[in-house]
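Here are the chains, one letter per residue:
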Amino acid sequence: MDGRSGMPATAKTLTAKASAKPRSPAALRTSVGRTERNCSVARTLDIVSDAWAFLIIREAFFGTQTFEAFRSALGLPRATLTDRLKKLTQLAIFRQVAPGSSQRKEYRLTKMGFDLYPSFIALMQFGDRWLSKGKPPPLTLIHNNCGCDSHPIVTCSHCGESVGARDAKYRDGPGAGRSPAKSGRNTRRPSDGSRFVLGRPSSVSRALEIIGDKWSFMVVREGFFGNRRYDKILTELAIAPNILTDRLNRLVASGVFYRRQYQSSPDRYEYLLTDMGRDLYGPFIAMLRWGDRWLSKGKPPLILTHLKCGHDFQPSVDCDRCKQPIVAADMRYRLAYDPRSFGALGPRSVE
């Protein structure tokens with residue numbers, strides 16, 4: 001999330017010089033197509049908003065490494081699985097390994113791949129809080145470092161306190177600006193949103209059902225920038241009106257936004273984040289940190305400042321009990337389901 005617009009209410013951004021007049025949607029397009037703000041969260045969503053890629057990465061966190069094990073857990077067509085494993089290897093999320101004298105290759109997460117784990121955990125906590133429909137969460141995290149059931153929180157790397165949507169301000173970083181949108185980005189809403197919930201139960205899947213296509217994500221992101229009105233969002237994103245209307249309606253229906261009328265004759269509404277919507281801020285800035293680290297080439301588009309301590313910070317996903325950063329290797333799990341009934345592995349550290 002980056003740019004020049006302010007946070008709503010208490011947390012307003014440091015602004016760069018404003019242009020003389022707002023640009024029209026057409027002005028935000030180039031000869032090669034639509035442009036968009038440089039954004040580390042968007043770059044992260046490029047990877048995990050593809051339902052198949054997300055599901056494969058999720059299974060890898062549970063110890064799945066072979067083609068057939070991925071296929072058994074997810075039921076993907078062989079061609080689809082081959083394609084996504086190839087792409088994730090090219091993106092350096094996976095590396096291929098031939099153990100011992102075996103000719104069968106395994107797919108193992110790289111350091112870059114393992115570093116996605118905190119973002120997944122932040123999304124999982126959001127899904128547990130808001131999307132469980134009164135049922136127990138699919139899994140409980142146990143942090144080996146302190147031995148406690150853990151409910152991780154997103155914190156300030158400087159003072160260690162939790163950070164919410166009203167606790168931070170931001171300014172342009174060295175990578176700020178606009179770039180042509182990459183072709184093939186997942187801006188189209190899947191006709192079958194249930195793809196994200198294939199296989200084992202997952203609160204991360206439930207969260208991505210809501211923000212798992214890029215337009216939905218970018219509309220929510222504009223809410224964090226304080227852009228509430230239809231015309232402002234339309235101009236900023238250079239989005240087709242019918243697509244924006246569809247995403248806003250769906251985000252209102254899901255409880256992320258609520259409508260508030262600000263004009264009559266004709267009726268006009270603004271879209272404000274609900275408590276549920278603001279709670280997406282933690283997962284968003286967790287993904288921002290991953291994108292800054294791995295995809296910004298040392299030039300983060302956005303710099304965050306924590307209002308409570310006054311320092312610039314990096315978001316950290318920490319255990320709520322011992323306050324230590326969450327690392328995949330340090331976690332065990334207590335499952336509320338039997339993974340074998342889904343044709344899936346472990347995880348190996350199940351209690």
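To be clear, the structure that these remarks concern was listed above.
Residues numbered from 1 in each chain as written. Predicted model: local features only at pLDDT ≥ 70, side-chain atom pairs only at ≥ 80, totals over all residues. Heavy atoms only, no water.

A closer look at the overall build of the protein
1) Next: Summing up its helical and strand segments, the protein has 12 helices and 15 strands in all.
2) Next: Sorting the 351 residues of the protein into buried and exposed places 48% on the buried side.
3) Next: When contacts within the protein are restricted to residue pairs at least 6 apart in sequence, long-range pairs at least 24 apart make up 71% of them. (Helix = DSSP H or I, 4+ residues; strand = E, 2+ residues; numbered from the N terminus. Buried < 20%, exposed > 50% of the residue type's maximum accessible area, 1.4 Å probe, protein only. Contact = heavy atoms within 4.5 Å.)

Some remarks on the environment of Ala165
1) Next: Along the chain, Ala165 turns up in the loop between β7 (153-156) and β8 (168-172).
2) Next: The exposure class assigned to Ala165 is buried, which follows from its relative accessible area of 8%.
3) Next: C-alpha of Ala165 to C-alpha of Asp279: the two residues are 114 residues apart in sequence and 7.3 Å apart in space.

Details of helix α12 (residues 281-295)
1) Next: Between its first and last C-alpha atoms α12 spans 20 Å; for 15 residues at 1.5 Å apiece the expected length is 21 Å, and the two agree.
2) Next: The element α12 is largely enclosed, with a buried count of 11 among its 15 residues.
3) Next: Immediately downstream of α12, the backbone of Lys297 shows phi near 55°, a positive value. (Expected span 1.5 Å × (residues − 1).)

Focus: the sheet that holds strand β15 (residues 331-335)
1) Next: A sheet is described by the order of its strands in space; here 3 strands give the open sequence β6-β5-β15, paired in antiparallel fashion. Edge strands, defined here as strands with exactly one partner in the open sheet, are β6 (148-150) and β15. Here the average twist between neighbouring strands, direction ignored, is 40°.
2) Next: Docked against the sheet, helix α6 (residues 117-130) engages β5 (139-143) and β15, running at close to 130° with respect to β5. (Pairing = 2+ DSSP bridges. Axes fitted to C-alpha atoms, helices over the stretch in contact; angles between N-to-C directions.)

Some remarks on the packing of aromatic side chains
1) Next: In this structure the tally under the stated criterion is 13 aromatic pairs.
2) Next: Consider the rings of Phe61 and Phe114, whose centres lie 6.4 Å apart with planes at 50°: the pair is tilted. Here Phe61, found in helix α2 (residues 51-61), pairs with Phe114, found in helix α5 (residues 111-114); they are 53 residues apart in sequence, far enough to count as distant.
3) Next: By relative accessible area, which is 42% here, Phe114 ends up partly exposed.
4) Next: Between Phe61 and Tyr117, the ring centres sit 5.2 Å apart and the planes meet at 70°, which makes this aromatic pair edge-to-face. Taken together, the residues Phe61 in helix α2 and Tyr117 in helix α6 connect sequence positions 56 residues apart.
5) Next: Assessed through its relative accessible area of 14%, Phe61 is described here as buried.
6) Next: Ring pairs connect the aromatic residues Phe54, Phe61, Phe114, Tyr117, Phe120 and Phe196, which therefore count as one cluster.
7) Next: Its guanidinium or amino end placed over the ring of Tyr262, Arg229 lies 3.7 Å from that ring's centre, counting from NZ or CZ. (Phe/Tyr/Trp six-rings, centres within 6.5 Å; stacked < 30°, edge-to-face > 60°. Lys NZ or Arg CZ within 6 Å of the ring centre and 35° of its normal.)

A look at the nonpolar core
1) Next: Ranked by size, the top nonpolar core spans 91 residues in total, and within it Ile56, Ile93, Phe94, Tyr117, Val220 and Val256 carry the most contacts.
2) Next: Examining the composition of this core, we find that 9 residues originate from one element, α2, more than from any other. (Core = buried A, V, L, I, M, F, W, Y, C linked by side-chain atoms within 4.5 Å.)

Digging into the side chain of Asp213
1) Next: Looking at the secondary structure, you find Asp213 in the loop between α7 (203-211) and α8 (214-224).
2) Next: At a separation of 3.2 Å, a polar atom in the side chain of Asp213 contacts the main-chain amide nitrogen of Trp215. (Polar contact = N/O pair within 3.5 Å; in protein donor to acceptor, adjacent residues only side chain to side chain.)

Structural notes on the sheet that holds β8
1) Next: Pairing within the open sheet is antiparallel, and its 3 strands lie in the order β8-β12-β13. Looking along the sheet, the strands with just one partner apiece sit at the ends: β8 and β13 (312-313).
2) Next: Bridge count for strand β12 (residues 302-306) against β13 is 2 bridges, and the pairing is antiparallel. Paired with Thr305 across the two strands is Asp312, which belongs to β13.
3) Next: Seen against the sheet, α12 touches β8, β12 and β13 and runs at an angle of roughly 130° to β12.

Remarks on the state of the cysteines
1) Next: Applying the stated criterion across every chain yields a total of 0 disulfides.
2) Next: Here Cys156 stays free of any disulfide, with the sulfur of Cys159 as its closest cysteine sulfur at 3.8 Å.
3) Next: Cys319 takes part in no disulfide bond, and the closest cysteine sulfur to it belongs to Cys322, at a distance of 3.9 Å. (Disulfide = S-S within 2.5 Å.)

Functional significance is not addressed by these values, which are geometric in nature.
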